[in-house]
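As a plain string of letters, each chain reads:
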Amino acid sequence: MAVYGYVRVSTVEQNEDRQIIAMNELKIPSCHIYTDKVSGMDFERSAYKALTEKMTAGDLLYIKSIDRLGRNYDEIQNQWRILTKERGVDIAVIDMPLLDTRKGKDLLGTLIADLVLNLLSFVAQSEREATRQRQAEGIRAARAKGVHLGRPIKRPPENFPEVVKLWECSKITFDEALEQTGLKQGTFYNRLRELRGGKNG
């Protein structure tokens, strides 16, 4: 029997240390800890795929929390079924000791584990959807207040109208206009639309 650990964070900016520390405390060899830094929305996880191909029946997989397995209720349930039923791998969830397939393999133990798995999978998806809704509401509220979200708007230089006039009169090339304003092509056209809109107004 080999022991493995799986770690996942949703973005490269997030820190996986908390999960790694938990794996180290269980004395899992570092070469048996597989880490993905990708969103659960995109389930193309190279480390997870390599891990599932490596594990064989009787091996043990540790995960910090149930939502490391999948992006939503159905995915978590599906991955749990594939690993435990089809591959014969045991799973232990560090944050939820009840979810340890090595324990209670009788009918009652299996029933309790299934109930806990269903509940936690549902809670994980509900929390994710609630977070997404709060983010959307926050964005709408910020926009309603006129708050700009995303990258800072690149403002044109003071001589932008003069440079535009020279370009429109074919006295300078478009590349020269970009060079003189320090703007990229897309930004130049965006500021040009604003300039013309102001003139039309």
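Before reading on, note that the structure itself is shown above.
As a convention, each chain's residues are numbered from 1 in the sequence order in which they are written. pLDDT decides what is reported in this predicted model: residues at 70 or higher carry local features, side-chain atom pairs at 80 or more are listed and counted, and totals for whole chains, interfaces and linings draw on all residues regardless. Remark: hydrogens and water are excluded; side-chain values derive from all non-hydrogen atoms of the structure.

Visitor: Teacher, can you tell me more about the packing of aromatic side chains here?
Guide: Here the distance between the centres and the angle between the planes together describe a pair of aromatic rings. Aromatic rings from Phe, Tyr and Trp, taking only the six-membered ring of Trp, are treated as a pair when their centres fall within 6.5 Å; an angle between ring planes under 30 degrees marks them as stacked, one over 60 as edge-to-face, and anything in between as tilted. Taken as a whole, this structure holds eight aromatic pairs when the rule is applied. Ring geometry for Phe188 and Tyr189: centres 6.1 Å apart, planes at 85°, overall edge-to-face. Think of it in three bands: with a 1.4 Å probe and only protein chains considered, a residue is buried below 20% of the maximum accessible area for its type, exposed above 50%, and partly exposed in between. A residue is classified by how much of its surface remains accessible, and Phe188, at 0% relative accessible area, is buried. Assessed through its relative accessible area of 32%, Tyr189 is described here as partly exposed. Connected via pairs of aromatic rings, a cluster forms that spans Phe160, Trp167, Phe174, Phe188 and Tyr189.

Visitor: Can you help me understand the sheet that holds strand β1 (residues 3-9) in this one?
Guide: The strands that make up a sheet are held in pairs by hydrogen bonds between backbone atoms, and each pair lies either parallel or antiparallel. Pairing is parallel in the open sheet, where four strands are placed in the order β2-β1-β3-β4. What marks the edges here is a single partner per strand, and that holds for β2 (33-37) and β4 (90-93). Shown here is a sheet whose adjacent strand axes are inclined to one another by a mean of 20°, direction ignored. Between any two strands, at least two bridges found by DSSP are needed for them to pair. Secondary structure elements are defined from DSSP: runs of H or I of at least 4 residues count as helices, runs of E of at least 2 residues count as strands, and each element is numbered from the N terminus. As defined by bridge partners, strand β3 (residues 60-63) adjoins β4 across four bridges and the pair is classed as parallel. In this analysis an axis means a line fitted to C-alpha atoms, helices contributing only their contacting stretch, and an angle means the value between N-to-C directions, from 0 to 180 degrees.

Visitor: How should I be thinking about the nonpolar core in this particular structure?
Guide: Nonpolar side chains in soluble globular proteins generally cluster together in the buried interior. Buried Ala, Val, Leu, Ile, Met, Phe, Trp, Tyr and Cys residues form a nonpolar core when they are joined through side-chain atoms within 4.5 Å. Leu61, Ile66 and Trp80 are the most contacted members of the largest nonpolar core, which totals 21 residues. Of all the secondary-structure elements, those providing two or more residues to this core are β1, α2 (46-54), β3, α3 (73-86), β4 and α4 (107-144). Every residue pair with non-hydrogen atoms within 4.5 Å of one another is taken to be in contact. Other than its neighbours up to four places away in sequence, Leu61 contacts Tyr4, Gly5, Tyr6, Leu51, Met55, Leu83, Val89, Asp90, Ile91 and Ala92. If you look at the next biggest cluster of nonpolar residues, it comprises ten residues, including Phe160, Phe174, Leu178 and Leu183.

Visitor: In this structure, what is going on with the packing of helix α5 (residues 160-168) against helix α6 (residues 174-181)? I would like to understand it.
Guide: Any two packed helices are characterised by the angle at which their axes cross and by the distance between the axes. Between α5 and α6, whose axes approach to 10 Å, the crossing angle comes to 170°. As the angle between them shows, α5 and α6 are arranged roughly antiparallel. In this structure, α5 contributes Phe160, Val163 and Trp167 to the contact, and α6 contributes Phe174, Ala177, Gln180 and Thr181. Here the residues of the contact of α5 with α6 are counted per class, giving five nonpolar, two polar and no charged. Here the angle decides the label: under 35 degrees means roughly parallel, over 145 means roughly antiparallel, 65 to 115 means roughly perpendicular, and every other value means oblique. Under the scheme applied, nonpolar residues are Ala, Val, Leu, Ile, Met, Phe, Trp, Tyr, Cys and Pro; charged residues are Asp, Glu, Lys and Arg; polar residues are all the others, including Gly.

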